[in-house]
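Each chain, letter by letter, is given below.
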Amino acid sequence: MASLDEELKVGPAVRRAGFAGPALFLLAAGTAIAVFWYGFFALFAAWTLPEYSHGPLIPLLSLYLFLRQLRAAPPAPAVVNDRWPGVWLLVFTLALGILGNVARIPDIVTYAMILWFYAVLLIGFGARYGAQFWPPVLHLVFMLPLPSFIYWKLSITLQFISSEIGVWLIRLLGIPVFLDGNIIDLGVYKLHVAEACSGLRYLFPVMSFSYIFAVLYQGPTWHKAVLLLSAAPITVLMNSFRIGVIGVMVDNYGIEHAEGFLHFFEGWVIFISCVLILFGLARLMQRLAGDRRPLSEALDLEFTGIGEQMGRILKIGASQAMLAAAILTAGAAAAWHLSPDREVVSPRRDGLVLFPRTLGEWRSGPAEILDPNIERVLGADDYHAVTFSSPEERAPVDLFIAYYNRQTEGSGIHSPEVCIPAGGWEMSRIQQTEAQLTDGRTVPVNRAVIQKGLSQQLVYYWFDGRGRRMTSDYVAKGMTLLDAVTRGRTDGSLVRVITPIIPGEPEGEADRRLRALMDELVDVLPRFVPN
């Protein structure tokens, strides 16, 4: 294959002008926009959110890292005969991008786009020489939004950790305070540690900054690792300190100190403090290692020669591999945009407002309307929250169903495993099992015992839709991707039933109570969650 990688036989005038290489690169880049446009569009939308507002800066910083590394790298070999591994990687990225387009999952498209850039680097410089430029390419990951199910898991976990540490700081100052989930109860005032206070809006830019810091830092590798890994704990601790300070100020001066400009200002103070702590940590490690250089010298922030490296990129040579990259990318763009629009299947179903109030011997009260903030976080297209009671049962059963028409365009199911602790309940035991119904059918469920104080409840939940019942949210996401490609369907739902465990009652009795309602529920459910 190396013999195919000779320089293209172009005319002398074109060769002297050096037009062929840049022209092929621009053709590949221009048509790549058409392939990855869905990812671009989702990316621009994500950058309007506070958590990802740093996103537009990431490509510029990655370009600086690349040019700086290119300046320090040894001269590229005069003859390059290993460009074709980059072509095969490019083929993979185009296939992955089209898969993301078909499935309507922008996260797949954007990750494919980053790999496409790396593939072009391997083609332009050759695989052995170009592989060294992975750090600036990897840095592009920081501009991408997290997949929604990972985002919410991380957000709620950070809310919980920040609340715990923040309340501990408030108690250190002798202020009586009670933490109920993400609610900080100061007596007169109650503070809700919402997702906006989780610290994610600091964590992503601080992690990006620490990555650049680690790349530029001229010191031992373990120093770089410490700088990179310290971003998350520093951000969490400083955000917890911020929550603690807000709690103290609210206790002393009123609730207005948790809102408006002061809340925003405290956020910026915490972000800048995180950056300064990173600088201080680097300086401390220098001192401990006996390195007396100024930190500015250790960071190697030299900008001279960067413009010259831009000129090297514009002198990219023409090759058969680059021609293949341009043709393949253009072909993928044409094939995708000329193909007929793929129909997204929306199965017929009854709205949950029509859910029956009677299931066998069970009777329900009026449906519950969720708080607007909870409803927004839930992101469901339809939901039903209701309590069923039976004269033959000692305790009621709460039923909750959340239905999603599409789960691949920035929305999706949030696992109760993450959401329940946010309400102040401790999930003491959880296991995947099968609930045996009276007619011999089985339903796979996640079985959890949750506790708040002396109160205990038993929870069953599963992911239902498209003829499948699943217990793992990761398997559910994988099956959603498969069905999106093969069936054009991404609808699905979360089904959850909860009952109290009465003091002195065996857990098995609570299990029997949940299964008794499920005996009636599973036959009704397909009307509202179609198979």
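Keep in mind it's a predicted model, so treat the numbers as computed, not measured. (Residues numbered from 1 in each chain as written. Predicted model: local features only at pLDDT ≥ 70, side-chain atom pairs only at ≥ 80, totals over all residues. Heavy atoms only, no water.)

A.B. asks: Account for the overall build of the protein, with residues named and values stated.
C.D. replies: On a plain count of helices and strands, the protein comes out with 20 helices and 12 strands. Counting contacts in the protein only where the partners sit at least 6 residues apart, residues at least 24 apart contribute 73% of the total. Of the roughly 25500 Å² of accessible surface on the protein, a fraction of 65% belongs to carbon and sulfur atoms. (Helix = DSSP H or I, 4+ residues; strand = E, 2+ residues; numbered from the N terminus. Contact = heavy atoms within 4.5 Å. Areas by Shrake-Rupley, 256 points an atom, 1.4 Å probe, with all protein chains shown as cover.)

A.B. asks: I'd like a rundown of the pairing of strand β8 (residues 426-436), residues and numbers included.
C.D. replies: For a regular strand, side chains alternate in direction, first toward one face of the sheet and then toward the other. Of the pairings in the sheet, the one linking β8 to strand β9 (residues 442-452) comprises 10 bridges and is antiparallel in character. Each residue of the ladder has a partner; that of Glu434, found in β9, is Pro444. Linking β8 back to β9 in an antiparallel pair, the connection comprises 5 residues, with Gly440 at a positive phi of about 95°. (Pairing = 2+ DSSP bridges.)

A.B. asks: Tell me what's going on with helix α9 (residues 148-172), and back it up with residues and numbers.
C.D. replies: With 25 residues, α9 should cover 36 Å at 1.5 Å per step; its first-to-last C-alpha distance of 36 Å lies within 8% of that length. Taken from the residues just after α9, Gly174 is the one with a positive phi, measuring 80°. (Expected span 1.5 Å × (residues − 1).)

A.B. asks: Talk me through the pattern of salt bridges; I want residue IDs and the actual numbers.
C.D. replies: Pairing is possible between side chains of opposite charge, provided their charged atoms come close. This structure, assessed with the given rule, holds 15 salt bridges. When the shortest N-O distance is used, the salt bridge between Asp511 and Arg447 registers 2.8 Å. Linking Asp511 in helix α20 (residues 507-524) with Arg447 in strand β9, this pair joins segments that are 64 residues apart in sequence. For the pair Asp511 and Arg447, a shared accessibility class is recorded, and that class is buried. A salt bridge links Asp483 to Arg487; the nearest nitrogen and oxygen atoms lie 3.6 Å apart. Judged by its relative accessible area of 1%, Asp483 falls in the buried class. Overlapping salt bridges bring together Arg466, Arg468, Asp483 and Arg487 as one network. (Salt bridge = Lys/Arg side-chain N within 4 Å of Asp/Glu carboxyl O. Buried < 20%, exposed > 50% of the residue type's maximum accessible area, 1.4 Å probe, protein only.)

A.B. asks: Can you lay out the packing of aromatic side chains for me, pointing to particular residues and giving the numbers?
C.D. replies: For the structure shown, the criterion picks out 18 aromatic pairs. Seen from their ring centres, Phe36 and Trp116 are 6.5 Å apart, and the 65° between their planes marks the pair as edge-to-face. With Phe36 in the loop between α2 (20-35) and α3 (37-46) and Trp116 in helix α6 (residues 106-125), this pair connects stretches of sequence that are 80 residues apart. Judged by relative accessible area, which is 1%, Phe36 ranks as buried. A centroid spacing of 5.1 Å and a plane angle of 70° characterise the contact between Phe66 and Phe133, whose relative ring orientation is edge-to-face. Of this pair, Phe66 sits in helix α4 (residues 57-72) while Phe133 is found in the loop between α7 (127-130) and α8 (134-139), placing the two residues 67 residues apart along the sequence. (Phe/Tyr/Trp six-rings, centres within 6.5 Å; stacked < 30°, edge-to-face > 60°.)

A.B. asks: Describe the packing of α6 against helix α16 (residues 320-338), and please don't skip the residues or the numbers.
C.D. replies: Two elements in contact, α6 and α16, have axes whose closest approach is 9 Å; the angle formed by their N-to-C orientations is 155°. Looking at the two axes, α6 sits roughly antiparallel to α16. In the crossing of α6 with α16, the sense of the turn from one axis to the other is left-handed. Side by side, α6 and α16 meet where Trp116, Ile123 and Gly124 of the first sit next to Ala321, Met322, Ala325 and Thr329 of the second. Taken together, the residues that form the contact of α6 with α16 break down as 5 nonpolar, 2 polar and no charged. (Axes fitted to C-alpha atoms, helices over the stretch in contact; angles between N-to-C directions. Parallel < 35°, antiparallel > 145°, perpendicular 65-115°, else oblique. Left-handed = near helix turned anticlockwise from the far one by under 90°. Nonpolar A, V, L, I, M, F, W, Y, C, P; charged D, E, K, R; others polar.)

A.B. asks: Describe the side chain of Thr480, with residues and values.
C.D. replies: Along the chain, the position of Thr480 falls in helix α19 (residues 473-486). With residues near it in sequence (within four places) discarded, Thr480 still touches Gln407, Thr408, Arg466, Arg489 and Thr490.

A.B. asks: Which residues make up the nonpolar core, and what values do they have?
C.D. replies: Considering soluble globular proteins, one finds that nonpolar side chains tend to be buried as a cluster. Formed by 59 residues in total, the largest nonpolar core has its most connected members in Phe36, Leu90, Trp116, Phe133 and Met143. Those elements giving two or more residues to this core turn out to be α2, α3, α4, α5 (84-103), α6, α9, α10 (200-216) and α16. Apart from residues no more than four positions distant in its own chain, Phe133 is found in contact with Phe66, Gln69, Leu70, Ala73, Tyr118, Leu121 and Phe125. Leu359, Leu437, Val443 and Val522 belong to the second largest nonpolar core, which has 32 residues in total. (Core = buried A, V, L, I, M, F, W, Y, C linked by side-chain atoms within 4.5 Å.)

A.B. asks: With reference to specific residues and values, describe α3.
C.D. replies: Every buried residue belonging to α3 is among Tyr38, Gly39, Phe40, Leu43 and Ala46, and all of these are buried. Turning to α3, the residues buried within the fold contact α2, α5 and α6.

A.B. asks: Explain the confidence of the model for the protein to me, and be specific about the residues and the numbers.
C.D. replies: On average, residues of the protein score 83 in pLDDT, and 88% of them are at 70 or above. A low-confidence stretch, residues 1-17 stays under pLDDT 50, and its non-local contacts, those more than four residues away or across chains, total 28 contacts. (pLDDT = per-residue confidence, 0-100.)

A.B. asks: Give me unusual backbone geometry: which residues, what numbers.
C.D. replies: Here Arg104, not a glycine, exhibits a phi torsion of approximately 60°, which is positive. Among the residues examined, Arg104 registers a relative accessible area of 31% and is labelled partly exposed. Unlike most non-glycine residues, Arg466 shows phi in positive territory, near 60°. For Arg466, the position within the fold is in the loop between β10 (455-465) and β11 (468-470). The class of Arg466 is buried, set by a relative accessible area of 4%.

A.B. asks: Could you give an account of the environment of Pro347, naming the residues involved and the relevant values?
C.D. replies: Mapped onto the elements of the fold, Pro347 is located in the loop between α16 and β4 (358-359). On the basis of relative accessibility, which here comes to 21%, the residue Pro347 falls in the partly exposed class. Setting aside chain neighbours within four positions, we find Pro347 in contact with Tyr403, Arg489, Asp491 and Pro530.

A.B. asks: Any details on the pairing of strand β7 (residues 397-404)? Residues and values, ideally.
C.D. replies: Most of β7 sits inside the fold, with 7 of its 8 residues counted as buried. Where strand β6 (residues 382-389) lies against β7, 7 bridges are found, and the strand directions are antiparallel. Bridge pairing links His384 to Ile401 in β7. Sheet analysis places β7 next to strand β12 (residues 492-500), joined by 7 bridges and oriented antiparallel.

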